[in-house]
Amino acid sequence: MIAIDKLKFDENGLIPAVVTDFYTKKVLTVAYMNAESLKITIDEGKTCFYSRSRKKLWRKGETSGNFQKVVSIVADCDFDALTVEVVKDGPACHLGTDSCFNNYVYKSPTLAEFSLEDLYALIKGRKTQPKEGSYTTYLFNSGIDKILKKVGEECTEVIIGAKGGDSKEAVFEIADLTYHILVLMAEMGIPIADIIDELKKRHVVDKKVKQQKMQ
């Protein structure tokens, strides 16, 4: 652990803080802290920043309720920048999105990392902007009953693949099921963040149960 006075704040007494989601590791926002807001963040366990435009401290979530509970704060090798891992209670961006970083300037067609979020965005695009010949568009055009039927069929295929003890076959079928689940979510307007939030709630409950058993 290093003391706050070891950090190198700039000429305005500020240090950049890159805020990331503890669970997804996604960059949520980049803000600034001064020594006072950093101390408040540490003492309260929730992010507090310094607004350069308003020239005042602001606690994330004080008006929106979208607090960010701090898991860790790490300084870089030069002690002039911070990464802040958080568990968030809601959208990180003032526009109501999960992250402030959603506008690609460039993305390599070969090196870009695959993510469920990107796949989900592609699937939603097939719903809002139908593409002729697209299987995903076909599912949306066929309606909720067809989508549910496919989810049920893929569940059965997963069971058969797993029962046969063939891990490769199980992986193939689980991938099919995952895709169709994402189509269902897009059809119902359920974002991936809602599923993650539900799993996080269960994770917290599970930890509490384990702690109670140990007492």
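Everything numeric here is computed off the predicted structure, so don't read it as measured data. (Residues numbered from 1 in each chain as written. Predicted model: local features only at pLDDT ≥ 70, side-chain atom pairs only at ≥ 80, totals over all residues. Heavy atoms only, no water.)

**Quick word on helix α4 (residues 144-163)**
With 20 residues, α4 should reach 28 Å at 1.5 Å per residue; the first-to-last C-alpha distance of 29 Å fits that figure. The complete set of buried residues in α4 reads I147, K150, V151, E154, V158 and G161. The arc enclosing the buried residues of α4, seen along the axis, measures out at 105 degrees, which places them on a common side. Projecting away from the buried face of α4 at angles above 90 degrees are the exposed residues D145, I159, I160 and K163. Of the residues one or two after α4, G165 is the one with positive phi, at around 75 degrees. (Helix = DSSP H or I, 4+ residues; strand = E, 2+ residues; numbered from the N terminus. Expected span 1.5 Å × (residues − 1). Buried < 20%, exposed > 50% of the residue type's maximum accessible area, 1.4 Å probe, protein only. Arc of directions from axis to C-beta.)

**Some thoughts on the nonpolar core**
In this structure, Y120, I123, F140, I147, L182 and V183 are the most contacted members of the largest nonpolar core, which totals 15 residues. Elements supplying a minimum of two residues to this core: α2 (116-128), α3 (135-142), α4 and α5 (167-188). Here this core takes 7 residues from α5, the largest share from any one element. Look past the residues within four positions of V183 in its chain and what remains in contact with it is I123, T136, L139, F140 and I147. The next biggest cluster of nonpolar side chains, apart from the first, holds 13 residues, and it includes L7, I15, M33 and L38. (Core = buried A, V, L, I, M, F, W, Y, C linked by side-chain atoms within 4.5 Å. Contact = heavy atoms within 4.5 Å.)

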